[in-house]
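Read off the chains here:
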Amino acid sequence: MSIVKINVLTVPAEQREVLEKRFSARAGSVENSDGFEWFELLRPVEGTDQYLVYTRWADEASFQAWMEGPMKAAHQGGPGAGEGGERPRPAASGSTLWSFEVVQQAGPKSG
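Residues numbered from 1 in each chain as written. Predicted model: local features only at pLDDT ≥ 70, side-chain atom pairs only at ≥ 80, totals over all residues. Heavy atoms only, no water.

When helices and strands are counted, the protein chain shows 2 helices and 4 strands. Expressed as a percentage of the 111 residues in the protein chain, the buried residues total 25%. Excluding contacts between residues fewer than 6 apart, the proportion of contacts in the protein chain whose partners are at least 24 apart in sequence is 70%. For the protein chain, the computed accessible surface area is about 7,700 Å², with 52% contributed by carbon and sulfur atoms. (Helix = DSSP H or I, 4+ residues; strand = E, 2+ residues; numbered from the N terminus. Buried < 20%, exposed > 50% of the residue type's maximum accessible area, 1.4 Å probe, protein only. Contact = heavy atoms within 4.5 Å. Areas by Shrake-Rupley, 256 points an atom, 1.4 Å probe, with all protein chains shown as cover.)

See below:
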């Protein structure tokens with residue numbers, strides 16, 4: 001079965017729009033990674049300042065390969081970097097990675 005990685009990002013109210021724009025600018029960057037299955041950016045509605053970045057992978061090796069390749073490169077400059085290629089200030093003030101194995105899943109029943 002698949003694995004799920006949830007990156008819990010603490011994002012101050014004044015940085016929410018910045019975070020969402022950065023994710024929009026990188027749309028499509030994870031979809032072509034080997035073993036990638038799903039992505040969702042979840043915005044908090046009430047009671048928390050934590051966004052959830054949900055990704056599902058075929059296996060741990062696929063996730064690690066993405067972390068060491070495309071994800072690492074995306075966080076070391078590229079689009080949105082300032083003059084001289086320096087990294088922009090992080091939109092999140094904290095980050096925690098949760099890891100899960102999928103043990104059961106369901107989807108809508110087909111016609």
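Tallied over the full model, the rule gives 4 salt bridges. Its salt-bridge partner being K21, residue E17 comes within 3.0 Å of it at the nearest N-O pair. On the criterion of helical spacing, the pair formed by E17 and K21 is a turn pair, its members being 4 residues apart in helix α1 (residues 16–25). The pair E17 / K21 is uniform in exposure class, with both members exposed. (Salt bridge = Lys/Arg side-chain N within 4 Å of Asp/Glu carboxyl O.)

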